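A look at the structure
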Amino acid sequence: MFGNGRAWSGIIVLLCGAGKTLFQGEAGLVNSTFTMVANTCKRSHEAQQMLDFLEGHEWGMMLLDEVHLMPAMMFRNVVACIAAHSKLGLTATLVCEDNKIDDLNYLIGPKLHEANWMDLANKGYITTVQCAEV
């Protein structure tokens, strides 16, 4: 997880609308869902072929959106069954109802960055917030 004093895996916390889904560049990319990989029921032939492909390769990076769901028992095996040199988790809410959020430290890695919503609003990345009592 760590090398040369740097984290190879970890978590970035950004608000909804802060740009977690905007990526540029060319890369070999496979997109799947936690549910597709974690499913233990009978799969269609095509779904099983895709899972065999995912499990049969050693990936450079596993990018996990909504990573706060990862501590749930049904999703834990996703990081175990797919080999990746590094893991990057993205979330807007680094909390989960079952109080297992600390498990992300060993499942994915430490929190690498958390954006301040006021800074994002002041720089124009997200809409400014106005609170009003009604």
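These remarks concern the structure in this document.

Calculation rules
- Residues numbered from 1 in each chain as written.
- Predicted model: local features only at pLDDT ≥ 70, side-chain atom pairs only at ≥ 80, totals over all residues.
- Heavy atoms only, no water.
- Helix = DSSP H or I, 4+ residues; strand = E, 2+ residues; numbered from the N terminus.
- Buried < 20%, exposed > 50% of the residue type's maximum accessible area, 1.4 Å probe, protein only.
- Contact = heavy atoms within 4.5 Å.
- Areas by Shrake-Rupley, 256 points an atom, 1.4 Å probe, with all protein chains shown as cover.
- Polar contact = N/O pair within 3.5 Å; in protein donor to acceptor, adjacent residues only side chain to side chain.
- Phe/Tyr/Trp six-rings, centres within 6.5 Å; stacked < 30°, edge-to-face > 60°.

Brief notes about the overall build of the protein
- Scanning the protein from N- to C-terminus turns up five helices and six strands.
- Along the chain direction, N to C, the helices and strands of the protein fall in the order β-β-β-α-α-β-α-β-α-β-α.
- When burial is assessed residue by residue, the protein has 34% of its 134 residues classed as buried.
- At a minimum sequence separation of 6, the contacts of the protein that also span at least 24 residues come to 75%.
- Total accessible area computed for the protein in this model is approximately 9500 Å², and 54% of it derives from carbon and sulfur atoms.

Description of the environment of Thr35
- Locating Thr35 in the fold gives a position in helix α1 (residues 34-38).
- Between the C-alpha atoms of Thr35 and Val78, which are 43 residues apart in sequence, the distance is 8.9 Å.

Some remarks on the side chain of His68
- The topology assignment puts His68 in the loop between β4 (58-65) and α3 (77-81).
- Here Thr91 takes part through its side chain, which lies 2.7 Å from a polar atom of the side chain of His68.
- Apart from the residues lying within four places of it in its own chain, the contact partners of His68 are Thr91, Thr93, Val95, Cys96, Ile101 and Leu104.

Structural notes on the packing of aromatic side chains
- Under the criterion given, the structure shown has one aromatic pair.
- Measuring from ring centre to ring centre gives 5.7 Å for Phe53 and Trp59, while their planes differ by 75 degrees; the resulting arrangement is edge-to-face.

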